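Here is how the chains run, residue by residue.
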Number of protein chains: 2
Amino acid sequence: MWDEQCLDGTEKEKSHPLYFFSYHFPLPASFFRFIMSLSLVSIVSQTTLAELGRASNTRKIFEESNQRRQTHGSDVCDFSLGNSVVSPPQAFREALQQISLDPPSNVHSYLPTTGLPQLRENIAKCLTKWHNVEISKDCVLMACGASAAINIVLHTILPADSEVIIPTPCFGEYIRYVENMRCKVVLVPCLPNYELDVEAIRAAINDKTRVILLNNPNNPTGKVYSQKTLVDLSKVLMDVFEHRKETTPDNPSPVFLLSDEIYRLIHYDQSTPIFSTFAAYPYSFLVSSFAKDFALPGERIGYICISPALVDQCLIDALSSSTRVLGYVGCPSMMQHVLCKCLENGFDYAPVLAEYRKRRDRLHAILLDAGLQCPLPEAAVYLFPKVPEGVTDKEFADLLRAQNVFVVPGSSFLDPTSVRLAFCVDMDVIEKSAPKIKLATQQARAHHN
Amino acid sequence: MWDEQCLDGTEKEKSHPLYFFSYHFPLPASFFRFIMSLSLVSIVSQTTLAELGRASNTRKIFEESNQRRQTHGSDVCDFSLGNSVVSPPQAFREALQQISLDPPSNVHSYLPTTGLPQLRENIAKCLTKWHNVEISKDCVLMACGASAAINIVLHTILPADSEVIIPTPCFGEYIRYVENMRCKVVLVPCLPNYELDVEAIRAAINDKTRVILLNNPNNPTGKVYSQKTLVDLSKVLMDVFEHRKETTPDNPSPVFLLSDEIYRLIHYDQSTPIFSTFAAYPYSFLVSSFAKDFALPGERIGYICISPALVDQCLIDALSSSTRVLGYVGCPSMMQHVLCKCLENGFDYAPVLAEYRKRRDRLHAILLDAGLQCPLPEAAVYLFPKVPEGVTDKEFADLLRAQNVFVVPGSSFLDPTSVRLAFCVDMDVIEKSAPKIKLATQQARAHHN
């Protein structure tokens, strides 16, 4: 029912956001009644409401620690988010200034969906060096961050109702990406040393398995999978494919490896190179970005690399199509120009790595000194200490938070035996945390006894 | 079957991308056989293969014209893509240089998922002025481009199997976004003057209708919907909601208006302001970006604005959650800082608008001179002339392409009676196109006679 009776402008009405409309336009009083009666359920879909209940813990903790900082200032030690204070390589800053002062004419324009050709070429050269595998420009497609890259690959290769195996501990949002594609996640815990449990993965594979989603080096454990592990996994997957060719000869599909390698450069033991997924297994896709390696987490500058054994024009077209269907459109233009120049000029990563190593070593020592059990990570920017006996990960995180130390409970990474600390923070935050972490650990022990 | 027999390194094998692996790592010859037997169908999902067949024509034409330019150089007149040559407002360039030379410490960091608070505040102030409706910071959420913004809103409010009404002509990728959410698109043609056909929309609404997706000003027609049209539409939708409240009192849902307003500033007749969707109808969402207005199409810097009548924290949380589930994570950080500063300093849009107007008027005159029928658009950067009688839109586009003039057939916008020309190109491209367009139009007529 539409009635033309206007509001009469009481103070209560004036404070309502709709009053403004009502005052300026001939809107009826019934608007008010409609809106007052509208519950959230009639706005937000059931699926999104369900997702909301499982929203990223890490982000919530980050936002809480931001609030705490307003009242407790510099006493807050926020180890929640991988929001690095370490500077990008100097060559990046120089390239950014050059582009800003003397921008190419098309610097903010749409680029081809696959990205700036010269940047793809430059990334392919880096990857060829890092992987010791020949990778051409055609294998590399720019994407709006590694999360976008993962979603684009999954959308392209996952049939409806297929299954994706994810080894745990893992980045929790992987699960939401897969479920949003209406596919099923199968979690397979790693071995106690955080290596992949290849036998358990073999046991989890069935006819519907289409992708194994790895994170190498791993968030939150900092583990780098060994050559032996990846070759063993490859053998299992080749066997599976052989078997499928016998049982479904018309349309056999391999199980694809999708390897998220956003921490590849932050690798402390340079004497043992990270073994290449491409070298291990031909049916593989890699995704990465400059978010972590270059400390540009907010810039949404990622890429997909197709295994050189798989790449062809139709696959590239399919990935480009997914980039558009999913609404990503492309990767930010100016930043593509900046990184293109930066890679062209070359960059020195040693100073960046030294900054991270210093933080890792110091925070690791603090955790051991507090009596916590914590492996020294080979890579990435996280420490993943075991929770003291007798408290849960959430209880331990609460005890730490009471000391203004913010960490993420391991259950966010599907491993409640530990908590995660991102150590890419100011050194003085790390120093300041030492007595707080010790105290919270003592409290956890006292709680147990 | 896994065998350990290595390749023997013939020249043919050496030319295969896998040869490199095989040479450096103990990979078996059976790899070759596997890969040779792998068809695309076993890589790309059926859904993506189907999407691929309907991929954006505009992008394909853009990429073809890029190739043609390599052989025909400056003879190519590319009107395919809205890739503006007009410069962003001067205030933007200044802000970019300031931020690059003296970056805030967190300039590349993760920001809150909703965006930089001060930028949200500054955008809210602009929107309040443009809409003549009080809009608070809380209504504004940053998104990685307007396409991301549309997908985030749709993901948040569309239940499975619901329906979305889209008036045509429209931006073709809207359809792919909705279908990717497993919902149904209902196309409703506009009136001959490109106003919304409110009665036809009323007739298309059923119990499953959840969203009407508008583009105001419209791509490709340049139409700005009148106040009368929007108020009439609002009345229809309020009636629908009243009816639903009677028939499904437990959980009545309104039909939401989702208005894509990325061309709002490129509006030539400033004497008639664009009527605000928020003023017309409370159950509405607006999406926009700086892509078109500020000529930054490649930068992925968009936003959602929730109707002030609808905004609440749980809805904001739901939209943030969708931002993460869909893998967007957020809007690029540095560009948020740059635009924040630019809006703070204020910007003069008149010079930008003058550049567009000059191009619109000149290309419009050229089309009329060629004998084409073409309304003068009120807004945006496109001309949408009728195809000459007796040829299809694709045939006319082909005739133009033979003259090195690239346009997009109207069927890409669900209206095959016209073709679209994006006029945000260099003036000399527009001048150069005059005899070519005239010739192609004569050929089309000759073809008919």
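Predicted, not measured: the structure shown is a model, and the values here were computed from it.

Engineer: Just checking my understanding: could you explain the overall build of chain A for this structure?
Structural biologist: Assigned secondary structure in chain A consists of 17 helices and twelve strands. In chain A, buried positions account for 53% of the 449 residues. Nonlocal contacts in chain A, meaning residues at least 24 apart in sequence, comprise 72% of its contacts between residues at least 6 apart.

Engineer: I'm lost on the sheet that holds strand 9 (residues 382-383) of chain B in this one. Help?
Structural biologist: Strand pairing in a sheet relies on backbone hydrogen bonds. The paired strands run either parallel or antiparallel. Residues and elements named next belong to chain B. Within the open sheet, the three strands sit side by side as 9-12-11. Their pairing is antiparallel. Taken across any chain shown, the strands that pair with only one partner, and hence form the sheet edges, are strand 9 and strand 11 (408-409). The pairing of strand 9 with strand 12 (residues 419-422) spans two bridges and is classified as antiparallel. Its bridge partner lying in strand 12, Tyr 382 is registered against Ala 422.

Engineer: Just checking my understanding: could you explain the pairing of strand 3 (residues 163-168) of chain A for this structure?
Structural biologist: Each regular strand shows side chains that alternate between the opposite faces of the sheet. Residues and elements named next belong to chain A. Of all six residues in strand 3, five are buried; the element is thus mostly enclosed. Pairing geometry for strand 3 and strand 4 (residues 184-189), over six bridges, is parallel. The residue bridging Val 164 from the neighbouring strand is Val 185, located in strand 4.

Engineer: Just to check I follow, could you spell out the UniProt feature "domain: Aminotransferase class I/classII large" (unreviewed entry) in chain A for this structure?
Structural biologist: On the UniProt side, "domain: Aminotransferase class I/classII large" (unreviewed entry) is annotated at positions that read residues 76-432 of chain A here. Counted over residues 76-432 of chain A, helix gives 39% and strand 14%. Its end C-alpha atoms are 9 Å apart.

Engineer: Would you take a moment to explain the relation of the copies chain B and chain A for this structure?
Structural biologist: Put simply, the second copy of the chain is the first one after a rotation about an axis and a shift along it. Of the transformation superimposing chain B on chain A, the axial component is 0.0 Å and the angular component is 180°, with the fit at an RMSD of 0.0 Å. The transformation relating the two chain copies, once decomposed into turn and shift, fits a two-fold axis. The rotation axis passes nearest to the C-alpha of Ser100(B) in chain B, at a distance of 3.3 Å.

Engineer: For this particular structure, what's the right way to read the pairing of strand 2 (residues 140-143) of chain A?
Structural biologist: All names here are of chain A. Residues of strand 2 alternate between two faces, with Val 140 and Met 142 on one and Leu 141 and Ala 143 on the opposite face, all of them buried. Bridging between strand 2 and strand 8 (residues 302-306) involves four bridges; their strand directions are antiparallel. In the strand pairing of strand 8, Ala 143 is matched with Gly 302.

Engineer: In this structure, what is going on with the interface of chain B and chain A? I would like to understand it.
Structural biologist: The figure often quoted for interface size is the accessible area lost as the parts come together. The partner chain A presents 91 residues to the 91 residues of chain B that form the contact. When residues in the side of chain B that touches chain A are grouped by element, the largest group, eight residues, is from helix 13 (residues 313-325) of chain B. When the residues that make up the side of chain B that touches chain A are grouped by side-chain class, the tally is 50 nonpolar, 28 polar and 13 charged.

Engineer: Before we go on, may I ask you to explain the nonpolar core in this structure?
Structural biologist: What tends to happen in soluble globular proteins is that the nonpolar side chains get buried as a cluster. Counting 276 residues, the largest nonpolar core has Ala143(A), Ile304(A), Phe423(A), Ala143(B) and Ile304(B) as its most contacted members. The contact partners of Ala143(B), leaving out residues within four places of it in the chain, are Ala148(B), Ala149(B), Ile152(B), Gly302(B), Tyr303(B), Ile304(B), Thr323(B), Tyr328(B) and Cys331(B).

Engineer: What exactly am I supposed to notice about the packing of helix 8 (residues 146-157) of chain A against helix 13 (residues 313-325) of chain A here?
Structural biologist: When two helices pack together, their arrangement is given by the angle between their axes and by how far apart the axes lie. All names here are of chain A. For the pair helix 8 and helix 13, the least separation of the axes is 9 Å and the interaxial angle reads 115°. Helix 13 is crossed by helix 8, and the crossing has right-handed handedness. Taken together, the residues of helix 13 that come into contact with helix 8 (itself represented by Ile 152, His 155 and Thr 156) are Ala 318, Leu 319, Ser 322 and Thr 323. Here the residues of the contact of helix 8 with helix 13 sort into three nonpolar, four polar and no charged.

Engineer: What exactly am I supposed to notice about unusual backbone geometry here?
Structural biologist: A negative phi angle is the norm for most residues apart from glycine, just as the trans form is the norm for most peptide bonds. Residues and elements named next belong to chain A. Put simply, Asn 216 and Pro 217 share a cis peptide bond, and its omega is -5°. Looking at where Pro 217 falls in the secondary structure, it is placed in the loop between strand 5 (209-215) and helix 11 (227-247). At Arg 182, a residue that is not glycine, the phi angle is positive and equals roughly 60°. Turning to its location among the elements, Arg 182 is positioned in the loop between helix 9 (173-180) and strand 4. Residue Arg 182 is classed as exposed on the basis of its C-beta count, with 12 C-beta atoms lying within 10 Å. For Ala 295, which is not glycine, the phi torsion reads 55° and is therefore positive. Assignment of secondary structure puts Ala 295 in the loop between strand 7 (284-289) and strand 8. Residue classification places Ala 295 among the buried residues on the basis of 25 C-beta atoms within 10 Å.

Engineer: Help me understand the sheet that holds strand 8 of chain A, please; the structure alone is not making it clear to me.
Structural biologist: Residue and element names in this part refer to chain A. Overall, mixed pairing links the seven strands, which are arranged 2-8-7-6-5-3-4 in an open sheet. Two strands close off the open sheet at either side, each with one partner strand: strand 2 and strand 4. The average undirected angle you get between the axes of adjacent strands in this sheet is 25°. Across five bridges, the pairing between strand 7 and strand 8 is antiparallel.

Engineer: Which parts of the structure should I look at to understand the environment of His364(B)?
Structural biologist: Residues and elements named next belong to chain B. Relative to the helices and strands, His 364 resides in helix 15 (residues 350-369). Sequence separation between His 364 and Phe 384 is 20 residues, and the spatial gap between their C-alpha atoms is 9.5 Å. Here His 364 is in contact with Cys 374, Leu 376 and Leu 383, once residues within four sequence places are set aside.

Engineer: Is there a simple way to explain the confidence of the model for chain A in this structure?
Structural biologist: Detail in the predicted coordinates should be disregarded across regions flagged by low pLDDT. Per-residue pLDDT for chain A has a mean of 89; in total, 90% of the residues score no lower than 70. Under a pLDDT of 50 for its full length, residues 1-37 of chain A has, in the predicted model, 46 contacts with residues more than four places off or in other chains.

Engineer: Explanation requested: helix 8 of chain A in the structure shown.
Structural biologist: Given 3.6 residues per turn, any residue in an α-helix points the same way as the ones three and four places further on. All names here are of chain A. When the terminal C-alpha atoms of helix 8 are compared, their 17 Å separation across twelve residues agrees well with the 16 Å that a helix rising 1.5 Å per residue should span. Of all twelve residues in helix 8, twelve are buried; the element is thus mostly enclosed. Three or more residues of helix 8 are buried, namely Ala 146, Ser 147, Ala 148, Ala 149, Ile 150, Asn 151, Ile 152, Val 153, Leu 154, His 155, Thr 156 and Ile 157.

Engineer: Would you take a moment to explain the packing of helix 6 (residues 90-101) of chain A against helix 14 (residues 333-345) of chain A for this structure?
Structural biologist: Residue and element names in this part refer to chain A. Interaxial distance between helix 6 and helix 14 falls to 8 Å at its minimum, and their mutual angle equals 130°. If you check the angle between helix 6 and helix 14, you find them oblique. Remark: the crossing between helix 6 and helix 14 carries right-handed chirality. For the pair helix 6 and helix 14, the contacting residues are Ala 91, Phe 92, Ala 95, Leu 96, Gln 98 and Ile 99 in the first and Met 334, His 337, Val 338, Lys 341, Cys 342 and Asn 345 in the second. Residue classes in the contact of helix 6 with helix 14 are distributed as eight nonpolar, three polar and one charged.

Engineer: Which parts of the structure should I look at to understand the environment of Asp161(A)?
Structural biologist: Residues and elements named next belong to chain A. Secondary-structure assignment places Asp 161 in the loop between helix 8 and strand 3. Residues Asp 161 and Leu 233, spaced 72 residues apart in sequence, show a C-alpha to C-alpha distance of 24 Å. When residues no more than four places from it in sequence are discounted, the contact partners of Asp 161 are Arg 182, Cys 183 and Lys 208.

Engineer: Got a minute to help me understand helix 13 of chain B in this structure?
Structural biologist: For helix 13 of chain B, built from 13 residues, the straight-helix expectation of 18 Å at 1.5 Å per residue is met to within 8% by its first-to-last C-alpha distance of 18 Å. Taken together, the buried positions of helix 13 of chain B are occupied by Leu315(B), Ala318(B), Leu319(B), Ser320(B), Ser321(B), Ser322(B), Thr323(B), Arg324(B) and Val325(B). Buried residues along helix 13 of chain B sit against helix 4 (46-52) and helix 9 of chain A together with strand 2 (140-143), helix 8 (146-157) and strand 8 (302-306) of chain B. Looking one or two residues past helix 13 of chain B, Gly327(B) carries a phi angle of roughly 80°, positive in sign.

Rules used in this analysis
- Residues numbered from 1 in each chain as written.
- Chains lettered and ligands numbered in written order.
- Predicted model: local features only at pLDDT ≥ 70, side-chain atom pairs only at ≥ 80, totals over all residues.
- Helix = DSSP H or I, 4+ residues; strand = E, 2+ residues; numbered from the N terminus.
- Buried ≥ 20, exposed ≤ 12 C-beta atoms within 10 Å, placed from the backbone.
- Contact = placed C-beta atoms within 7 Å.
- Pairing = 2+ DSSP bridges.
- UniProt positions renumbered as here; feature names shortened; annotations may be inferred.
- Least-squares fit on C-alpha atoms with pLDDT ≥ 70 in both.
- Nonpolar A, V, L, I, M, F, W, Y, C, P; charged D, E, K, R; others polar.
- Core = buried A, V, L, I, M, F, W, Y, C linked by C-beta atoms within 7 Å.
- Axes fitted to C-alpha atoms, helices over the stretch in contact; angles between N-to-C directions.
- Left-handed = near helix turned anticlockwise from the far one by under 90°.
- pLDDT = per-residue confidence, 0-100.
- Expected span 1.5 Å × (residues − 1).
- Parallel < 35°, antiparallel > 145°, perpendicular 65-115°, else oblique.

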